[in-house]
Amino acid sequence: MSVSPVCWNCQSAIPPNTFLCQKCNKIQPPKKIDEFKLFGIPEKFDLDLEELEIAYLKLQRLFHPDKYSQLSDQEIKYSTLLSSMINEAYQKLSSSISRASILLKLNGFNSHSEDQSFNDPEVLEEIMDIQNNFLEAENPEQKKNSIQKLNRKISETMNSLSTSFKKKEYEVANRLNIKLSYLKKIRIDFKKQL
Amino acid sequence: MNLIKIKEPMSSKNDAKICLGIDFGTTNSVCSVKVEDKFQFIVDEKGETLIPTLILYNKKTKKFGNQIIKDENYFNSIFSVKRNFTKDFQKKIFEDENDNKISSIEVSKDFFVYLKNVCEKNLNHNVFDCVITVPAYFDEKARSGIMRAAFMAGLRVRRLINEPTAAAFAYGLEKKKKGIFFVYDLGGGTFDVSLLKLSNGIFKVIATSGDPNLGGDDFDNLYAKWLVKKFFKIQFDELDKRERLKLVKNSKLFKEKLTHSASFYEELKVNGCIKKVEINTKDFNKSVEKLIDRTIKISAELLNEVDVEINKVNGFVLVGGSSRIKCISKKIKENFETKIFDDVNPDLVVSKGAALHGYELLNGSDNVLLDVTPLSLGIETMGGLMEKIISRNTPIPAIKEQTFTTHENGQTALKFLILQGERETSSNNRKLGEFILSNIRPKPAGIPRIKVMFSLDADGILFVTATDEETGAENKLSVKTNHELDLNDMRKIVESSIENAKDDIHQRMVIEAKVKAKIFLNEIESVKKDIELLCSVNDIKLIEKNINLLKSSLQTNDCDMINQNIEKLNKSTESFAQKKIEKDFSEVIGKDVDKID
Ligand SMILES: [Zn+2]
C-alpha cells in the first residue's frame, strides 16, 4: 500500500508526477520518476529532440533556482534538486546511447554496461577496419573521408537500433547500443587527432 | 505531467526591488542598475562609468579607481587584483593604509565597499543586493573567493553569473536576437568563449571555454617588451619595476590609440632616454600575434567539441574592452566563415546583463538563463589520477553521485581530495579541498560502499557529501579551506546584519566583526579535545565562559562588544596555544623516533 504524498505547506494531496502543489502553488521535494514521464513525452527511441527541448525549457522555466531566489531555504533547496534532476534527465535523453539504455531498463531488460567485455567478432572486426582505415590515411582529406565513413556507419547503426526497438527485440537492441557507443568513442578519438 | 502556471508575484512598479549588476573586471569595473523599468549605468565622483580596478593604500588613506589615475603614487597602487583569484588569494601579500598585511580578498573587499558607496551616492539610498559577473572559465575556488569578498563588503550576492552569459543576455534582450551565438569575450585579464542558444526568453549556454589568465594586460606586456627591445635595445626584464610599469602604461595607451588610427609618432622615455618612435598597427599586430592565435585556437576547439556546424552559428558577438583590437575581427573572419556583431559597447554590456538579470531575480520574469560548468569536477583516486564526477559543460545546477570503496583490509577512514580541471593526473588540476570520512566499519578491502555526492549550485559553488552507506557516517563539506567560514554561514551573517543595520558603515563593521568571531569560534571548536587535554580545570572554565560570552554577543549588532569578547577569548587561550605548539612539536619528534626503530 502506498500513501500518496501531501504538500509540506498546506497538507493537500500531491498527485503523482507533479512537483507543484495545486492548492498553494508551493514547490515540492523531487520524487524518483522516469525521464520520459518527467518531460511528459512518448516513451520511444526515435525521439523528437525539438519536442524534448521544449519540454525541458518549460520545466526549467518553472523550477530553476533563479525563480526561487527570494523564497525560503527549503524551497531554494527543492528547486536546486529538481532543476538538477531535470538537467540530468535532459542530458540522458539527448544522447541516443543513454536513451537506449533507459528504454531497455524500462522494458525490463538489464542493459549491460559498456565496460563489460564485449566479444562479438563481427563487430570487433568492423571496428578494427575503421581504425586501420583512419590510421592509414595519409593526408587530412583522407582522414576526413575516413570520418565520413564512420559517420555513415553510426547512422546505419542508429537506424537498426531504432528498428529493433520497434520490433521489441531488446537483446538485439542491447548489442547494437554497445556497438554504437564504441563507434562514438572512436569518433571522439579521431576528431582529437585531426 | 500536469503543469500549473506559477503566478508572478504582484508588485507595483514603485516598490520594485533594486539589484546592482557589478562587472568586477581585471582592469575596469562597471556597475549598473534597473530602477522602476529604467536602466542606468552608475557613474563615479568624476562622472565616469568605467571605474579602473585600482586600489591605493597610502599614508592612512585609501583611494580607488579614477581617484588614483592622476595621483603621484599611481605606480604604487594595486593593479589587476582579480588575477590573484586563480592563485592563492588568501596570501597576505599587500599592506593596507595602516601597514597591516592583507590578502587579495581583503583588497577586493575594500574595492567592493567603494563600488557600493558610489552606487548608493548615485541612487540616494542603501543597496545591498547584487549580481556579480565572473569569467566563465573561473574555477570554483576563484568564484567562492569573489563571493566572500563581496559578502565581507556587506553585499548580498543574489547570483554569480558568467561574463559571456551576462553579455549574451543583455545583447539578446536588447536586439531581440534568436539563434545560436558565439560570444568572444576578451577582457583585461581573462578570455572566455561561450556558445549560446537564444530563443523566446531562453538564454541557454551550450558550452563554454577559455583561459583565465589571458587578457588585455598580456597584450600590453608583450607589446611593451617589443617596444623597448626594438627602440632601446633593452630587455624588458632588465628594467626596474617603476620603469616597467611606466612602459606598460604607455603601451596600453598606444594600443587604445591604435583602435582609431593606423599609425602615429610618440615620445617614449625609458631609463631617462627619450626617443620619438613610430607606433603602427602592423608592428603591434605582429608583437601580439601569438596571443590572438591562442584565442582563435580556443574558439575553434570549442566549436569542434560541441559538434555545432559553423554555418548553424548566426555569428560572433565581440565583448570585453580588448576585443576592440582591430586585427581580432579580421582573424575571426579568416578562420571562421561567420558574421561579426560588434554593435554593443564591449566594456559595458556585461554589467548591463548582470543588472537586468538581478532585476528579474528580485522582481520576477519569464526569462530563463541556463548555464553550464566550465571545468570538470572530481576526486583523486589511486595513483594520483582524477576521477571525474561532473564533467565540463554539464548544465547547472547539477547533482551527481558516485560510489567509492576502500583499498586496504580493515580500513576505517577515507581521504577525499576534490579537484577541478581537465588533466588526467590530479597534480595538474586545481585542488579545491580535502576531507576525511572516518568511522567506516572495518571490512575487507573493496567491500564498504562510500557514496560521494557532488552538488554544484546555480552560482557554480560546490558542496560535497560523503556517506558510508552502512554506518550512515556522513561528512559534509562545502569546499572550503582550513578554518574558513562556510559560504552559507557568511551569507546568513550578511542577511541578518542587513536586516538590523542602522547605517552602512556600522553595518559593515558588524559584518567584519561577526565573520572574524565565527572564524575564531570554528578554530577553537576544532581543537576542543586538545583544550580538554592540555588545560587546567580553571582555564577550561574560563575559556568556556568566554566562548559563551562571544556567542551571545553574536546575537547582537554591537561590534565593540563582539571585538572585546574576541580579545577576551584570545587572551584566555594564549597559554593553551603555547602548550599546543609544544605538544604538536613533541608529536613530530615522537614520530621520527618511531621511524628510526
Ligand atoms: Zn500546498
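Quick notes on the rules
- Residues numbered from 1 in each chain as written.
- Chains lettered and ligands numbered in written order.
- Predicted model: local features only at pLDDT ≥ 70, side-chain atom pairs only at ≥ 80, totals over all residues.
- Heavy atoms only, no water.
- Helix = DSSP H or I, 4+ residues; strand = E, 2+ residues; numbered from the N terminus.
- Rg over C-alpha atoms; globule rule 2.2 N^0.38 Å.
- Buried < 20%, exposed > 50% of the residue type's maximum accessible area, 1.4 Å probe, protein only.
- Contact = heavy atoms within 4.5 Å.
- Areas by Shrake-Rupley, 256 points an atom, 1.4 Å probe, with all protein chains shown as cover.
- Lys, Arg positive; Asp, Glu negative; His and termini not counted.
- Charge placed at Lys NZ, Arg CZ, Asp CG, Glu CD.
- Buried area = accessible area lost by both parts, 1.4 Å probe.
- Salt bridge = Lys/Arg side-chain N within 4 Å of Asp/Glu carboxyl O.
- Polar contact = N/O pair within 3.5 Å; in protein donor to acceptor, adjacent residues only side chain to side chain.
- Nonpolar A, V, L, I, M, F, W, Y, C, P; charged D, E, K, R; others polar.
- Pairing = 2+ DSSP bridges.
- Axes fitted to C-alpha atoms, helices over the stretch in contact; angles between N-to-C directions.
- Core = buried A, V, L, I, M, F, W, Y, C linked by side-chain atoms within 4.5 Å.
- Domains from an automatic or database assignment.
- pLDDT = per-residue confidence, 0-100.
- Donors = N, O, S within 2.8 Å, 3.2 Å for Na, K, Ca; no water.
- Phe/Tyr/Trp six-rings, centres within 6.5 Å; stacked < 30°, edge-to-face > 60°.
- Expected span 1.5 Å × (residues − 1).
- 1 Å grid on protein atoms, 1.4 Å probe; cavity = no way out; pocket = protein on both sides within 12 Å on 5 of 7 lines; lining within 4 Å.
- Points joined across faces, edges and corners; volume = space filled by probe spheres on them.

**Thoughts on the overall build of chain B**
(1) Moving on: Counting its regular elements, chain B contains 14 helices and 27 strands.
(2) Moving on: Here the C-alpha atoms of chain B give a radius of gyration of 26 Å, agreeing with the 25 Å that 2.2 N^0.38 yields for 597 residues.
(3) Moving on: By the burial criterion, 55% of the 597 residues in chain B qualify as buried.
(4) Moving on: In chain B, 66% of the contacts between residues at least 6 apart in sequence involve partners at least 24 apart.
(5) Moving on: Summed over all atoms, the accessible surface of chain B reaches about 27900 Å², with 49% contributed by carbon and sulfur.
(6) Moving on: Here chain B carries 93 positive and 89 negative side-chain charges, and the mean point of each set is 3 Å from the other.

**A word on the interface of chain A and chain B**
(1) Moving on: With 36 residues of chain A at the contact, the number on the chain B side is 36 residues.
(2) Moving on: Across the chain A to chain B interface the summed buried area is about 3100 Å²; carbon plus sulfur atoms make up 52%.
(3) Moving on: The three residues of chain A that bury the most area against chain B are R61(A), D66(A) and Q70(A), which together make up 19% of that side's buried surface.
(4) Moving on: Run the count over chain A and chain B and you get four salt bridges.
(5) Moving on: Counting across the interface, chain A meets chain B through 12 residue pairs in polar contact (both at pLDDT 80 or more).
(6) Moving on: Top contributing element to the side of chain A that touches chain B by residue count: helix α3 (residues 73-94) of chain A, with nine residues.
(7) Moving on: Residue composition of the side of chain A that touches chain B, grouped by class: 12 nonpolar, 14 polar and 10 charged.

**Describing the pattern of salt bridges**
(1) Moving on: Taken as a whole and assessed by the stated rule, the structure comprises 43 salt bridges over all chains.
(2) Moving on: Among the ionic pairs, E53(A) bridges to K197(B), the shortest N-O distance being 3.3 Å. With E53(A) in helix α2 (residues 49-63) and K197(B) in strand β12 (residues 191-199), this pair bridges two chains.
(3) Moving on: The exposure class of E53(A) is buried, given its relative accessible area of 10%.
(4) Moving on: Here K197(B) falls in the partly exposed class, since its relative accessible area comes to 27%.
(5) Moving on: The salt bridge partner of R156(B) is D129(B), with a shortest N-O separation of 2.8 Å.

**Focus: the sheet that holds strand β19 (residues 377-381) of chain B**
All names here are of chain B.
(1) Moving on: Read from one edge of the open sheet, four strands run β20-β19-β23-β24, paired in antiparallel fashion. Among the strands making up the open sheet, the edge pair consists of β20 (385-390) and β24 (430-437). Direction aside, the axes of adjacent strands within the sheet are offset by 30° on average.
(2) Moving on: Inspection of the sheet shows β19 paired to strand β23 (residues 414-420) by three bridges, in the antiparallel sense.

**Brief notes about the nonpolar core**
(1) Moving on: Core analysis: the largest hydrophobic core is formed by 52 residues, its most contacted members being I22(B), F112(B) and I132(B).
(2) Moving on: The element contributing the most residues to this core is helix α1 (residues 104-123) of chain B, with 10 residues.
(3) Moving on: Looking at this core, you find at least three residues from each of domain 1 (16-163 + 346-366) and domain 4 (485-597) of chain B.
(4) Moving on: What F112(B) contacts, discounting residues up to four positions off in sequence, is I22(B), F24(B), I132(B), I146(B), A149(B), A150(B), A153(B) and L155(B).
(5) Moving on: Membership of the second largest hydrophobic core comes to 49 residues, among which are L38(A), L52(A), A89(A) and I202(B).

**Here we look at the confidence of the model for chain B**
Predicted coordinates in areas of low pLDDT are best not read in detail.
Residue and element names in this part refer to chain B.
(1) Moving on: Overall, the prediction assigns chain B a mean pLDDT of 87, with 92% of residues at 70 or greater.
(2) Moving on: For chain B, per-element mean pLDDT is lowest for strand β27 (residues 474-478), which scores 59, and highest for strand β1 (residues 20-23), which scores 98.
(3) Moving on: Residue range residues 1-14 is modelled with pLDDT below 50. Its contacts to residues more than four positions away, or to other chains, number 28 contacts.
(4) Moving on: Note that pLDDT drops below 50 for residues 478-483; the model gives that stretch 17 contacts with residues more than four away or on any other chain.
(5) Moving on: Confidence metrics for the complex model read pTM 0.86 and ipTM 0.90.

**Some points on the coordination of the zinc ion**
Residues and elements named next belong to chain A.
(1) Moving on: Protein coordination at the zinc ion comes from C7 (SG), C10 (SG), C21 (SG) and C24 (SG), with a distance range of 2.3 to 2.4 Å.
(2) Moving on: Read from N- to C-terminus, the donor residues coordinating the zinc ion fall into the pattern C-x2-C-x10-C-x2-C. Taken together, the positions of C7 in the segment before α1 (35-39) and C21 in the segment before α1 put the pair 14 residues apart, joining distant regions of the chain. In terms of burial, C7 and C21 fall into one category: buried.

**What about the packing of aromatic side chains?**
All names here are of chain B.
(1) Moving on: Scanning all chains against the criterion turns up 27 aromatic pairs over all chains.
(2) Moving on: Their ring planes at 40° and their centres at 4.9 Å tell us that F24 and F112 sit as a pair that is tilted. With F24 in the loop between β1 and β2 (28-35) and F112 in helix α1, the pair connects residues that are 88 residues apart, well separated along the chain.
(3) Moving on: Since its relative accessible area comes to 0%, F24 is described here as buried.
(4) Moving on: Overall, F112 belongs to the buried group, its relative accessible area being 0%.
(5) Moving on: On the numbers, 5.1 Å between centres and 80° between planes, the contact of Y74 with F75 is edge-to-face.
(6) Moving on: Y74 gets classed as buried once you look at its relative accessible area, which sits at 10%.
(7) Moving on: Each member of the aromatic cluster is reached from another via a ring pair, and the members are F24, F64, F111, F112 and Y114.

**Considering the sheet that holds strand β13 (residues 202-211) of chain B**
Residue and element names in this part refer to chain B.
(1) Moving on: Sheet architecture is open: seven strands sit in the order β17-β16-β11-β12-β13-β18-β21, paired in mixed fashion. The open sheet has two edge strands with one neighbour each: β17 (340-341) and β21 (395-396).
(2) Moving on: Judged from the eight bridges that link them, strand β11 (residues 179-186) and β12 form a sheet pairing that is antiparallel. Directly across from L186, in β12, lies its bridge partner F191.

**What to know about helix α3 (residues 163-175) of chain B**
Residues and elements named next belong to chain B.
(1) Moving on: Taking 1.5 Å of rise per residue, 13 residues should cover 18 Å, and α3 covers 18 Å from first to last C-alpha, within 8% of that figure.
(2) Moving on: Burial analysis of α3 places 10 of its 13 residues in the buried class, which makes it a mostly covered element.
(3) Moving on: Here α3 has its buried residues at E163, P164, T165, A166, A167, A168, F169, A170, Y171 and G172.
(4) Moving on: Directly after α3, the chain includes K176, whose backbone phi takes a positive value near 50°.

**Observations concerning empty space enclosed by the protein**
All names here are of chain B.
(1) Moving on: By the definition in use, this model includes five cavities of 30 Å³ or more.
(2) Moving on: Quantified by volume, the largest cavity comes out at close to 140 Å³.
(3) Moving on: Considering the residues around the largest cavity, the lining is formed by 15 residues, among which L160, I161, D371, I396 and A458 are closest to the centre.
(4) Moving on: When residues of the lining of the largest cavity are traced back to their parent elements, those giving at least two are β10 (156-162) and β18 (368-372).
(5) Moving on: Considering every element that reaches the lining of the largest cavity, the biggest residue donor is β10, with four residues.
(6) Moving on: Residue classes in the lining of the largest cavity are distributed as five nonpolar, five polar and five charged.
(7) Moving on: Shared between two domains, the lining of the largest cavity takes at least three residues from each, and those domains are domain 1 (16-163 + 346-366) and domain 3 (373-484).

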